[in-house]
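# A closer look at the structure
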Amino acid sequence: MSDTVAPQASAASDRASQTLHRALDILEAVAEGAHSLKAFEARVGLTRSTTHRLASALVDRGLLSSVGRDYRLGGRLVQLGHQARERLGLAEVARPVLAALSAETQDATNLGTIAGDEVLYVGQAPGRRRLEVRHRVGDRNRVRDTALGRALLIDAPPERWSRLFADDPGSPAAAAFFREMEAARQLGHALHLDDGLDSIRCIAAPIRDASGAIVAAVSLSSVPQYMDEARMAELTPRVKAAALEIGTALGFNPARLNAAG
């Protein structure tokens, strides 16, 4: 029995695949700010009639919405996004990324979310150092005391920062925290460089979901003998890349955030 595919069937399959790719190109174009048939034509390289047919099919399926000649992402995409997020849990998505970062650097990685005024550790990958900073899943720390906490609050208004120091608003610790938060907001990541009581060095970056909101943060932690300031600067882009990789898996599109900013 021959497995040869008839030329007509193969050609039909190729056309169907091309049509699907063009439809997906239109969805991506809308996500990146294109809202008219003319803009779609430039993106997909098809005639006006074919582009209109594809856009109309996407509207019919709820993947696009249209008001007059203006096209926007449809409500069905939101539903699908929520379903995907529910089925792809944060910790599950982050686990291989944390493991890869720990294997590459030999230092411990952590995944944290915010719980009131505390960081809740929801994921972790151990390091391979003789001395290392260890947190267990389920551990908590005060937001104000950690780089993870500062990364989680990068988008928060200063009033939210102030509430962390309601008991001592004028303290040196509060002033230092505000300086650190302003730096974190400017840089897009947070650092912890304590050489005193806890002797911890930590780099943390926020993780954003499909809406662009910060939903978690990832950190790389070590002790000063393994992580001096030069190494922190070297590893910071890697930590931010790990946070972006997790966020992208959750549906985050950095192009949309940049456009909004």
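Rules used in this analysis
- Residues numbered from 1 in each chain as written.
- Predicted model: local features only at pLDDT ≥ 70, side-chain atom pairs only at ≥ 80, totals over all residues.
- Heavy atoms only, no water.
- Axes fitted to C-alpha atoms, helices over the stretch in contact; angles between N-to-C directions.
- Helix = DSSP H or I, 4+ residues; strand = E, 2+ residues; numbered from the N terminus.
- Parallel < 35°, antiparallel > 145°, perpendicular 65-115°, else oblique.
- Contact = heavy atoms within 4.5 Å.
- Nonpolar A, V, L, I, M, F, W, Y, C, P; charged D, E, K, R; others polar.
- Phe/Tyr/Trp six-rings, centres within 6.5 Å; stacked < 30°, edge-to-face > 60°.
- Buried < 20%, exposed > 50% of the residue type's maximum accessible area, 1.4 Å probe, protein only.
- Core = buried A, V, L, I, M, F, W, Y, C linked by side-chain atoms within 4.5 Å.

### Some details on the packing of helix α2 (residues 37–44) against helix α3 (residues 48–60)
- It is at 9 Å that the axes of α2 and α3 come closest, and there the two elements cross at 105°. One element, α2, and the other, α3, form an angle in the roughly perpendicular class. Each of L37, K38, F40, E41 and V44 in α2 lies in contact with α3, whose residues at this interface are R48, T51, H52 and A55.
- Grouping the amino acids of the contact of α2 with α3 by side-chain chemistry returns four nonpolar, two polar and three charged.

### Details of the packing of aromatic side chains
- The tally for this structure, following the rule as stated, stands at three aromatic pairs.
- Taking 5.6 Å as the distance between ring centres and 75° as the angle between the ring planes, the aromatic pair formed by W161 and F178 counts as edge-to-face. Separated by 17 residues along the polypeptide, W161 in helix α7 (residues 158–163) and F178 in helix α8 (residues 172–187) bring together distant segments of the chain.
- Judged by its relative accessible area of 0%, W161 is buried.
- Under the relative-accessibility criterion, F178 is labelled partly exposed at 26%.
- On the basis of an interplanar angle of 50° and a centroid distance of 5.3 Å, the ring pair of F165 and F177 is categorised as tilted. Placement of F165 in the loop between α7 and α8 and of F177 in helix α8 is noted, with a sequence separation of twelve residues between them.

### What about the nonpolar core?
- Counting residues in each nonpolar core, the largest one holds 23 residues, and the members touching the most others are V119, L148, L153, W161, L164 and F177.
- Counting residues per element, the ones that place at least two in this core are β4 (118–125), α6 (147–152), α8, β7 (200–208) and β8 (214–222).
- The residues touching V119, leaving out its near neighbours within four places in the chain, are G112, T113, D139, R140, N141, V143, T146, L148, G149 and L152.
- Among the nonpolar cores identified, the runner-up in size contains 21 residues, and A216, L220, A242 and I246 belong to it.

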